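Fold and contact review
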Amino acid sequence: MKVAIVGASGAVGQEFLRILAERNFPMDDLALFGSERSAGSKYTFQGKEYEVKLLQHNDDFRDIDIAFVSAGGGTSKEFAETITKHGAVMIDNSSAFRMDEDVPLVVPECNPEDALNRPRGIIANPNCTTIMMVVVLQPLEKLSHIKRIRVSSYQSASGAGAAAMAELQQQYGELLNNQPVTVKKFPHQLAYNVIPQIDVFTDNGYTKEEMKMFNETRKIMHTDARCSATCVRVSSLRSHSESVWIETEEPISIEAAREAIANAPGCTLKDDPSNLVYPMPLETAGHDDVYVGRIRKDLADDCGLTLWLSGDQIRKGAALNAVQIAEYLIEVGNVK
C-alpha cells in the first residue's frame, strides 16, 4: 500500500501526516507532493524523512494506491486525470467535484457504501461544516425523517488555512501594540470581530459556503431535507461550532435524541448545561469526534429540536474524514 499526499505542506496536509501516524494507517510507502513553493521541503513520518516532490503531469502516481489531495480546487481539477490514470483512488478535499453526479461525496458515519461507486476514481470529501453537521444529524434521522434544517455556523480561522490562523494571531499582537492591523486572508479584521461572510456571495444572497451546506447535506444523507444556513467567521483559532435547528416528521424526545447521539459513531455527548457543560472550540480542538450539547425542544416548532455542536475543522472536517474513507475502502478490499 503506497499513499500520496498532495498539498503536503498545508494545514490539512500536515494533519494528514499526524493522523496517518496516530491511526497506524496500513501503508508501506509514502509520497509527498506540492507546489513549486513547497517542493524540496522535508518532513519526518514514522522516523523516516520524506521530501516534497513537485506536482507534475507525469507518471509519479503509477504506483500510488490512495492519494489524499488538499491543494485547492484548481489543482484538483488540473491534476485529477494525472493522479487517477494508473488506478489510484483520489480522495479530494476541495469543492471541485463534490456535486458531480459521477463522484461520490462521502462521510463514513453516514454513507460509506457510496465510496464504492467511483467511475472516475475520485471520492470527494465534503465541506467541513457539512461533515460535522451530518455526523450529528444521521442518528436523529433514524428516529424520524428530518424535513428542514436551519443552521448558523461559527467558523474559526483554521477554516481558511494555516496562513489565516497566523494572521489572526498577528492581528491580536498588532492591536495590543497599537500597530496597524494586517488584513489579507479575510475581508475584514477578524480579531475582536465576527464576519458574517464565508466564501463569495451568490445571486440568491447566500454565500457559496452556505449553499454547500444545502446541496451537500442532501447528497450525503440521500434526503429531500432543505438546509438554510448562515455561516460566520469568528475569532477562535481552531475548531468550528454550529447552532442547529431541525424539524422532523414526528416529535423526538430530548431523552431519545441524547441517547441516539451518545451512541452514534463520531459523536460525543457533552450536555449538562446546569453545570456549565457544553462543547466549546477550546476543548474540541485536536479531537476526532464532533461534540454535541444544549439539546432542547424548539419553542417555535412542536416537531423541532435545537442543538449545539463543535468539532475540529482540520481533523474531522477535513483530514480525518478522508482517512476514514480510505480505511473503509481497505477494510472492504476496494482499493486497486
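Let me begin by describing the structure that accompanies this report. For every chain, the first residue of its written sequence is number 1, and the numbers climb from 1 along that sequence. At least 70 in pLDDT is required for a residue's local features to be given in this predicted model, at least 80 for side-chain atom pairs to be given and counted, and no such filter applies to totals for whole chains, interfaces and linings, which use all residues. No hydrogens and no water enter the side-chain calculation; it runs on all heavy atoms of the structure.

1. Some thoughts on the packing of helix H3 (residues 128–141) against helix H5 (residues 208–221)
As a rule, the C-alpha atoms of each element are fitted with a line to give its axis, helices using only the stretch in contact, and angles between N-to-C directions run from 0 to 180 degrees. Strands here are runs of E lasting at least two residues and helices are runs of H or I lasting at least four, both read from the DSSP assignment and numbered beginning at the N terminus. In the contact formed by H3 and H5, the axes pass within 10 Å of each other and the chain directions differ by 40 degrees. Our classification of the angle between H3 and H5 gives oblique. Judged by the sense of rotation from one axis to the other, the crossing of H3 with H5 is right-handed. Residues Cys 128, Thr 129, Thr 130, Met 133, Val 134, Leu 137, Gln 138 and Glu 141 of H3 lie in contact with H5, whose contacting residues are Glu 209, Lys 212, Met 213, Glu 216, Thr 217, Ile 220 and Met 221. Here the contact of H3 with H5 is built from residues that sort into 7 nonpolar, 4 polar and 4 charged. The scheme is simple: roughly parallel for angles under 35 degrees, roughly antiparallel for over 145, roughly perpendicular for 65 to 115, oblique for anything else. By convention, the crossing between two helices is left-handed when the near helix turns anticlockwise from the far helix through less than a right angle, and right-handed when the turn is clockwise. Any two residues whose heavy atoms approach within 4.5 Å are treated as being in contact. Nonpolar residues are Ala, Val, Leu, Ile, Met, Phe, Trp, Tyr, Cys and Pro. Charged residues are Asp, Glu, Lys and Arg, and all others, Gly as well, are polar.

2. Overview of the nonpolar core
Phe 61, Leu 137, Ile 149, Val 244 and Leu 307 are the most contacted members of the largest nonpolar core, which totals 55 residues. Residue contributions to this core peak at 8 residues, all from H3. If we ignore the near neighbours within four places in the chain, the residues touching Leu 137 are Ile 146, Ile 149, Met 221, Val 244 and Ile 246. One finds Phe 25, Ala 115, Ala 157 and Ala 191 within the second-largest nonpolar core, a separate group that totals 43 residues. To define a nonpolar core, start from buried Ala, Val, Leu, Ile, Met, Phe, Trp, Tyr and Cys residues and group those joined through side-chain atoms within 4.5 Å. Summary of the burial criterion: residues with accessible area below 20% of their type's maximum are buried, those above 50% are exposed, and those between are partly exposed, where the area comes from a 1.4 Å probe applied to protein chains only.

3. Quick word on the side chain of Ser 156
In this structure, Ser 156 sits in the loop between strand E8 (146–155) and helix H4 (162–176). Identification of polar contacts relies on pairs of N or O atoms within 3.5 Å, with a donor-acceptor requirement for protein atoms, meaning one able to donate a hydrogen and the other able to accept it, and with residues adjacent in sequence counted only if both atoms are side-chain atoms. Among the polar contacts listed, one links the side chain of Ser 156 to the side chain of Ser 158, at a separation of 2.7 Å. The residues touching Ser 156, leaving out its near neighbours within four places in the chain, are Arg 233, Val 234, Ser 236, Leu 237, Arg 238, Ser 239 and His 240.

4. Comments concerning the layout of surface pockets
The way it works is a 1 Å grid over only the protein atoms, where trapped points that fit a 1.4 Å probe form a cavity and open points with protein on both sides within 12 Å along at least five of seven lines form a pocket, and then any residue with an atom within 4 Å of a point lines it. Grid points are joined across faces, edges and corners, and a volume is the space filled by probe spheres set on the points. Computed from the structure, the largest pocket encloses a volume of approximately 1,400 Å³. Lining the largest pocket are 50 residues, and of these Ser 70, Gly 72, Gly 159, Ala 160 and Gly 161 sit closest to its centre. Every element with two or more residues in the lining of the largest pocket is listed here: helix H1 (11–22), helix H2 (73–84), H4, H5 and helix H8 (315–331). Among the elements that make up the lining of the largest pocket, the one with the highest residue count is H2 (4 residues). Within the lining of the largest pocket, the residues separate by chemical class into 19 nonpolar, 22 polar and 9 charged. The computed volume of the second largest pocket comes to approximately 150 Å³.

5. Points about the state of the cysteines
The criterion for a disulfide is a pair of cysteine sulfur atoms lying within 2.5 Å. Taken as a whole, this structure holds 0 disulfides when the rule is applied. Between Cys 110, a cysteine without a disulfide, and Cys 267, which holds the nearest cysteine sulfur, the sulfur-to-sulfur distance is 8.8 Å. Here Cys 231 stays free of any disulfide, with the sulfur of Cys 227 as its closest cysteine sulfur at 8.3 Å. We classify Cys 231 as buried; its relative accessible area is 0%.

6. Points about the sheet that holds strand E11 (residues 267–269)
The rule for pairing is simple: two strands pair if DSSP sees at least two bridges between them. Spatially, E9-E8-E10-E13-E12-E11 is the arrangement adopted by the 6 strands of the open sheet, whose pairing is mixed. The open sheet terminates on both sides in strands that have one partner only, identified here as strand E9 (226–233) and E11. Within this sheet the neighbouring strands show an average axis-to-axis angle of 25 degrees, counted without direction. When E11 meets strand E12 (residues 290–297), the two strands line up parallel, connected through 3 bridges. Considered in E12, the bridge of Cys 267 is made with Val 290. Strands in contact with H5 are E8, E9 and strand E10 (240–248); relative to E9, the strand with the most contacts, it is inclined by about 145 degrees.

7. Thoughts on unusual backbone geometry
Unusually for a residue other than glycine, Leu 276 sits at a positive phi of about 60 degrees. Note that Leu 276 resides in the loop between E11 and helix H7 (281–284). Its identity as a non-glycine residue notwithstanding, Arg 294 has a phi of 50 degrees, on the positive side. What makes Arg 294 partly exposed here is its relative accessible area of 39%.

In short, shape yes, function no, at least from these values alone.
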